[in-house]
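Architecture at a glance
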Amino acid sequence: MAVIFFIIPGSQSKIALNQITSMINKIKVSWSPTVARNDKDQTVIKNKDTIEVTAKDIPTYYITALLDDKSFQINGQVNLTINNPGTDTIVFYTYPYSWSSMNIKKVFLNDEIANFAYDRRQLTIKNPYKKKELSIQIEFQTPVPRRGTRFGYKDNVWLVTTWYPMLGVLDNNQNWVDRPDPIGMGDPYLFNFANYVVEWTSSPSIKWLSSGTLLSETMVGNERKMTWKVDGVRNFALAGSTKYKIKEIKPDENTTISIALTSEENFDRIRNITNAAFSTYKAHYGQLPYSNLAIIETGNDTNFALEYPNLAVFSKDMYVDNKIEHWLPHEIGHIWWYNAVGINEVKNGWIDEGLAEMGVVLYLENRYSKSEGKQLRDTYRKRNQLLINTSPYQTLDAGLYRYGNRQELYDSWYARSADMFLTLRDEIGEKAFNHFLKTLYQTNVGETINEDSIAKALKKSVSIETDLFQNWIHDPYQLTRWDIKIN
Ligand SMILES: [Zn+2]
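Below or above, wherever it landed, is the structure these notes cover. (Residues numbered from 1 in each chain as written. Predicted model: local features only at pLDDT ≥ 70, side-chain atom pairs only at ≥ 80, totals over all residues. Heavy atoms only, no water.)

The subject of this paragraph is the sheet that holds strand E14 (residues 157-160). Spatially, the four strands line up as an open sheet ordered E13-E14-E20-E17, and their pairing is antiparallel. Of all the strands in the sheet, just strand E13 (152-154) and strand E17 (207-210) have a single pairing partner and so form its edges. Here the average twist between neighbouring strands, direction ignored, is 15 degrees. As judged from the three bridges shared by E13 and E14, these two strands associate in the antiparallel manner. Counted as the bridge partner of Gly152 is Leu159 from E14. (Pairing = 2+ DSSP bridges. Helix = DSSP H or I, 4+ residues; strand = E, 2+ residues; numbered from the N terminus. Axes fitted to C-alpha atoms, helices over the stretch in contact; angles between N-to-C directions.)

Laid out in structure tokens, this is it:
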């Protein structure tokens, strides 16, 4: 058995693995409110763009899981303590494919075995308790699909996403929102912000990266156990391969970005895109509240490009026609808009997709030239103008389920929305626009934003009110006026 020493982030002392394990075990066993509260402490980032995030009362998931890479099964246990919402039931979402269902084995509520119902979408637990806090423990088994799906194994790459039960989302009236159904386009997932401690055991031959910061790794018999921790993310994902070659870059003193590729030849290309995108977004939006990010390559015919907390994922198909130059900066942008600042992607996906696409223009301007950026901006305008003919009655606020197909979704939530933000920049000038972007980001880290948040940030930062949002978001596309009024 190897005992490896790691430096715990935030401390300067080396702590032996057994101390960390016993610390985590203590957390799990005693549910000590003192320890739990430490996880919710204020996150203060001392940097040029100082953000002070007062982490709200968000739960911590303690997950232990074992991946059997021969049977493609994950056996795991989720533990978390929440403030009792006083609802008759507690709801968890699961997002398995219909052909690859998750199995919920046991549920404990406040240490007692609990009655539950599971319909492969939602796990519903009766909540008879009046206690202020509920501790919930769920034992689950999840098969890993052997396909190039967004959760799956293909070409020796494991992409492990939405693999455990996640607490449901309550609406403003304290009702559980029904879990959204995937429809083969967009990101129909709802998440809460949460902290995570994840203990993951698998074959030592697989090199893993995840949404968290690695605290420790050690051999347990023939298996290797890795423990990660991260605060204030919307879910926890992992990627691994026996073939990964991993290199780290440090774009600033707070941040380490691991790049995991299956061959050396593309490292320079990916490193240069990553450095340029990271520095562009940090300058325009502000510092991230996370210290460890990863760039993940998956096989051909898998998933184009995907965002997960602190992970930007792209398939090898992106190397063709240099699509990587667009979609990697796009996915890196989602670490700011989607993860650090949350968005309801079912209802308001135009916000994070539009800002991620707008970010690619900023990246091109910053890395190459204004005219490179303008070419892409003109493409957004063209796609947006096409909508006037192809979908004259459609609106940007339609919600994911009311778009007819991927092209209409792309032209709306990506192109039209990016065009809208860039039109605003043309109107108010770059200086004011940049101030607005920083305000929108820095006042909303850890929050889920909507149209109102954008209007508020605009007013707060540069005292501007505009009809742009009414006209471009709520009016049908055929009524688009290309000039905008500023009050
Ligand atoms: Zn996106």
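Take the coordination of the zinc ion next. Within the protein, the atoms that donate to the zinc ion are His330 (NE2), His334 (NE2) and Glu353 (OE), at distances of 2.0 to 2.1 Å. Sequence spacing of the donor residues for the zinc ion, all on one chain, is H-x3-H-x18-E. Residue class for His330 comes out buried when judged on its relative accessible area of 1%. Residue class for His334 comes out buried when judged on its relative accessible area of 1%. (Donors = N, O, S within 2.8 Å, 3.2 Å for Na, K, Ca; no water. Buried < 20%, exposed > 50% of the residue type's maximum accessible area, 1.4 Å probe, protein only.)

Another point: the packing of aromatic side chains. As enumerated under the stated definition, the model contains 30 aromatic pairs in all. A ring pair is formed by Tyr95 and Tyr189, whose centres lie 4.8 Å apart and whose planes are at 70 degrees; its orientation type is edge-to-face. Taken as a pair, Tyr95 in the loop between strand E7 (89-93) and strand E8 (103-109) and Tyr189 in the loop between strand E15 (166-167) and strand E16 (194-202) lie far apart in primary sequence, 94 residues in all. Taken individually, Tyr95 and Tyr189 each receive the classification buried, so the pair is uniform in this respect. Each member of the aromatic cluster is reached from another via a ring pair, and the members are Tyr61, Phe140, Trp163, Tyr164, Tyr196, Trp200, Trp208, Trp228 and Phe236. Taking the ring centre of Trp99 as reference, the NZ or CZ of Arg147 above it sits at 3.8 Å. Lys247 extends its terminal NZ or CZ atom over the ring of Phe267, reaching a point 4.5 Å from the ring centre. (Phe/Tyr/Trp six-rings, centres within 6.5 Å; stacked < 30°, edge-to-face > 60°. Lys NZ or Arg CZ within 6 Å of the ring centre and 35° of its normal.)

Right, let's talk about empty space enclosed by the protein for a bit. Under the counting rule described, the total for this entry stands at two cavities of 30 Å³ or more. Here the largest cavity is characterised by a volume of approximately 70 Å³. What lines the largest cavity is simply Arg147, Gly148, Thr149, Gly152, Tyr153, Lys154, Val157, Leu159, Thr298, Gly299, Thr302 and Asn303. When contributions to the lining of the largest cavity are tallied by element, the ones reaching two or more residues are E13 and E14. In terms of residues, the lining of the largest cavity owes the most to one element, E13, which gives three residues. Class assignment of the residues belonging to the lining of the largest cavity gives a composition of three nonpolar, seven polar and two charged. Looking at the second largest cavity, its volume works out to about 50 Å³. In the lining of the second largest cavity, the residues fall into three nonpolar, two polar and four charged. (1 Å grid on protein atoms, 1.4 Å probe; cavity = no way out; pocket = protein on both sides within 12 Å on 5 of 7 lines; lining within 4 Å. Points joined across faces, edges and corners; volume = space filled by probe spheres on them. Nonpolar A, V, L, I, M, F, W, Y, C, P; charged D, E, K, R; others polar.)

Here strand E22 (residues 255-261) lies mainly inside the structure; seven of its seven residues are buried. Going residue by residue along E22, you find Thr255, Ile257, Ile259 and Leu261 tucked away on one face and Thr256, Ser258 and Ala260 tucked away on the opposite face as well. Across five bridges, the pairing between E22 and strand E23 (residues 292-298) is parallel. When the bridges of E23 are listed, Ala260 appears paired with Ile296. In this fold, the crossover linking E22 to E23 by way of helix H3 (residues 267-284) has left-handed handedness. (Right-handed = clockwise from strand over helix to strand, strands pointing away.)

To continue, consider helix H9 (residues 451-462). The end-to-end C-alpha distance of H9 is 17 Å, a good match for the 16 Å that 12 residues give at a rise of 1.5 Å each. Taken together, the buried positions of H9 are occupied by Ser453, Ile454, Ala457, Leu458 and Ser461. Axial view of H9: buried residues confined to an arc of 135 degrees, hence all on one face. In H9, those exposed residues whose orientation departs by more than 90 degrees from the buried face are Lys456 and Lys460. Structurally, H9 contributes buried residues whose contacts are with helix H5 (349-367), helix H7 (406-428), helix H8 (430-442), strand E27 (448-449) and helix H10 (468-474). Where H9 begins, the side chain of Asn450 points an oxygen toward the backbone nitrogen of Asp452, at a separation of 3.0 Å. Looking one or two residues beyond H9, the residue adopting positive phi is Ser463, at roughly 50 degrees. (Expected span 1.5 Å × (residues − 1). Arc of directions from axis to C-beta. Contact = heavy atoms within 4.5 Å. Polar contact = N/O pair within 3.5 Å; in protein donor to acceptor, adjacent residues only side chain to side chain.)

Here the focus is the pairing of E7. The element E7 is largely enclosed, with a buried count of four among its five residues. The sheet contact formed by E7 and strand E11 (residues 122-126) spans five bridges and is antiparallel. Residue pairing for E11: Ile90 is matched across the bridge by Ile125. As paired elements, E7 and E15 share two bridges and run antiparallel to each other. Bridge assignment links Tyr93 to a residue of E15, and that residue is Met166.

It is worth spelling out unusual backbone geometry at this point. A positive phi angle is found at Asp111, which is not glycine, with a value near 70 degrees. Residue classification places Asp111 among the exposed positions, given a relative accessible area of 63%. The phi angle at Asp155 is positive, at roughly 50 degrees, despite the residue not being glycine. Looking at where Asp155 falls in the secondary structure, it is placed in the loop between E13 and E14.

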